[in-house]
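Fold and geometry: a report
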Amino acid sequence: MIRLPPHAAGAIRRLEAAGFETWAVGGCVRDSLRGAVPHDWDLCTAAQPDEMQTIFAGERMLATGLQHGTLTLLTSGGPLEITTFRADVGCSDGRHPDAVRFVGSVEDDLRRRDFTIGAMAWHPERGLCDPFGGLDDLETGVLRAVGEPDVRFAEDGLRILRAVRFAAALGFSVEPATAAAMRRQLARLDCVSPERVRDELTRTICGRFALRALMEFADVIGYALPELKPMFGCAQQNPHHLYDVWEHTIRALGQVPGDAALRWAMLLHDCGKPACKTVDENGVGHFYGHPKVSCEIAGHLLSRLRFSRADAARILLLVEQHDCPLGETDKLMRRQLSRIGEARLRDLLAVKKGDTIGRGTCPEDVAKLFRAEQRLNQVLAAEACFSLRHLAVNGNDMLALGLSGSAVGQMLHALLNAVIEDQAENTRPALLSLARAKMEDRHE
Ligand code: ATP
Ligand code: MG
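Keep in mind that this is a model prediction, so the values were computed, not measured.

So, the pattern of salt bridges
A full pass over the atoms with the stated rule returns 31 salt bridges. Measuring nitrogen to oxygen at the nearest pair gives 2.4 Å for the salt bridge that ties Asp-219 to Arg-183. With Asp-219 in helix H11 (residues 218-224) and Arg-183 in helix H8 (residues 176-184), this pair connects stretches of sequence that are 36 residues apart. Taken together, the salt bridges that share partners define one network made up of Arg-152, Glu-155, Asp-156 and Arg-159.

What follows is the structure in structure tokens.
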């Protein structure tokens, strides 16, 4: 039993009153049946776009998908995507159907959908339409292609990544024939746009079951992100590490919150290790300089996937700094805060915790990171000074001392640095006299 929200139920009623069979379909049915709240509601209907436009005349709608049979109705309950029952015809580019054909029945419409759990429709009176056994698969946690798996993945390579994403997000196991076809059709990923690859991979690595899925489908990830392949099976030969580079990476990834930047940083933090590996005379592996190499590889990868500059910068900072020691004194902590700010420092703490726990050794290093976090909280609670806006003097004070132009900012930064380094107290008299002293020094 699915309870439809009023905006979806209302639209179904209006379309049916006009004589057009209409159902709720796809992800919203899947999510409702597994007890999750759908993030959006989609309808499929026998009405064609021009008929929908007549029925909803006077309402706010977006006509962006009309040639594919989709109209978006903007209701007070949220946007509602309504699509004519359709079949996709041909798919010569492995991504976009060459044409769409409007079809007569909801069953035909369900046939074009990729996985059985998303190929179900629901109607408030007629109940569930489930021609491919989606409910059984949902209950047993199985992801299964609708129809012939090889054909379905060859039609649209994105489905391969969607499968891994569903495995990572829902913890489902991919049915063996479906998984085998994904692997045979990997080359179809070449046709998928970098943005789509990025978005599916982001959802994959943020999934609650990412660890398992990334282990099982490492080959799929390696096809999409060939830069990561050298990590697979790369032994660390180091007493601080229990796992090879790939297994360490995904265990570390599983330890950080499901935030995209943190997860990407974890995925990429050691990608430079294989290129940096040396083995000393005792047979111990070392990876000197790997954060910098990881950063270079990650930079190329992120720009290839069309990450925004801001997102890439946030991720790369973490990759680059993941191996740097954190503040073990208040002074070091203030330095870090002034350099990267509280938010990035908390990111870095999360990444370092993930990295350390993911090694499987050294619980004392984990304890050290918790102490660092405690210190960070104390430094912040003490309203320590680590940025210009905390300083007891400001630009006007510097102007009053006779400084001008860029000298104002330079002096403020010099004063801030003195406060952070415990060389001056953060009070007006102390800072004004320090500024005067510095000006005199300069004039000598
Ligand atoms: P989510 O909304 O969580 O991203 P979803 O499966 O609902 O997952 P949508 O993009 O909302 O994905 O698509 C709605 C429905 O359309 C899906 O449930 C599925 O039935 C179908 N669908 C989406 N993408 C594809 C695809 N690439 N190939 C075949 N069917 C698809
Ligand atoms: Mg959806």
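Here the narrative resumes, following the displayed structure.
Side note on the sheet that holds strand S9 (residues 127-129)
With mixed pairing, the 7 strands of this open sheet are ordered in space as S3-S4-S5-S2-S1-S8-S9. The two strands at the open ends of the sheet, each matched to only one other strand, are strand S3 (61-65) and S9. Averaged over all neighbouring strand pairs, the angle between strand axes comes to 30°, with direction disregarded. Where strand S2 (residues 41-45) lies against strand S5 (residues 78-84), 5 bridges are found, and the strand directions are parallel. The partner of Cys-44 across the bridge, within S5, is Thr-83.

Points about the site of ligand 1
In the vicinity of ligand 1 there are 15 residues, among which Arg-30, Gly-118, Asp-156, Arg-159 and Arg-203 approach most closely. A distance of 3.2 Å is found between an oxygen atom of ligand 1 and a backbone nitrogen or oxygen belonging to Gly-27. At 3.4 Å from an oxygen atom of ligand 1 is found a side-chain nitrogen or oxygen belonging to Arg-165. Within the complex, the protein chains bury 79% of what would otherwise be the 580 Å² of accessible surface of ligand 1. Listed by contribution, the elements that provide at least two residues to the shell around ligand 1 are helix H2 (27-33) and helix H7 (158-170).

Thoughts on unusual backbone geometry
The phi dihedral of Gln-237 falls on the positive side, at around 45°, and the residue is not glycine. Relative to the assigned elements, Gln-237 resides in the loop between H11 and helix H12 (245-253). Since its relative accessible area comes to 37%, Gln-237 is described here as partly exposed. Phi at Arg-306 is positive, roughly 60°, even though this residue is not glycine.

Here's the deal with helix H13 (residues 260-268)
Counting buried positions over the 9 residues of H13 gives 8, a clear majority of the element. Residues of H13 that are buried: Ala-261, Leu-262, Arg-263, Trp-264, Ala-265, Met-266, Leu-267 and Leu-268. Contact partners of the buried residues in H13: helix H9 (194-205), helix H10 (210-216), H12, helix H15 (290-304), helix H16 (309-321) and helix H17 (330-359).

Here's the deal with the packing of aromatic side chains
The tally for this structure, following the rule as stated, stands at 4 aromatic pairs. Ring geometry for Phe-115 against Phe-153: centres 6.2 Å apart, planes inclined by 45°, an arrangement best described as tilted. Linking Phe-115 in the loop between helix H4 (106-111) and strand S8 (121-123) with Phe-153 in helix H6 (residues 149-155), this pair joins segments that are 38 residues apart in sequence. Through a chain of ring-to-ring contacts, three or more aromatic side chains come together here, namely Phe-115, Phe-153 and Phe-166. Here Arg-126 stacks its cationic end above the ring of Trp-23, 4.6 Å away from the centre of that ring. Directly above the aromatic system of Phe-287 lies the positively charged group of Lys-273, at a separation of 4.8 Å from the ring centroid.

The rules behind the values
Residues numbered from 1 in each chain as written. Chains lettered and ligands numbered in written order. Predicted model: local features only at pLDDT ≥ 70, side-chain atom pairs only at ≥ 80, totals over all residues. Heavy atoms only, no water. Salt bridge = Lys/Arg side-chain N within 4 Å of Asp/Glu carboxyl O. Helix = DSSP H or I, 4+ residues; strand = E, 2+ residues; numbered from the N terminus. Pairing = 2+ DSSP bridges. Axes fitted to C-alpha atoms, helices over the stretch in contact; angles between N-to-C directions. Near = heavy atom within 4 Å. Polar contact = N/O pair within 3.5 Å; in protein donor to acceptor, adjacent residues only side chain to side chain. Areas by Shrake-Rupley, 256 points an atom, 1.4 Å probe, with all protein chains shown as cover. Buried < 20%, exposed > 50% of the residue type's maximum accessible area, 1.4 Å probe, protein only. Contact = heavy atoms within 4.5 Å. Phe/Tyr/Trp six-rings, centres within 6.5 Å; stacked < 30°, edge-to-face > 60°. Lys NZ or Arg CZ within 6 Å of the ring centre and 35° of its normal.

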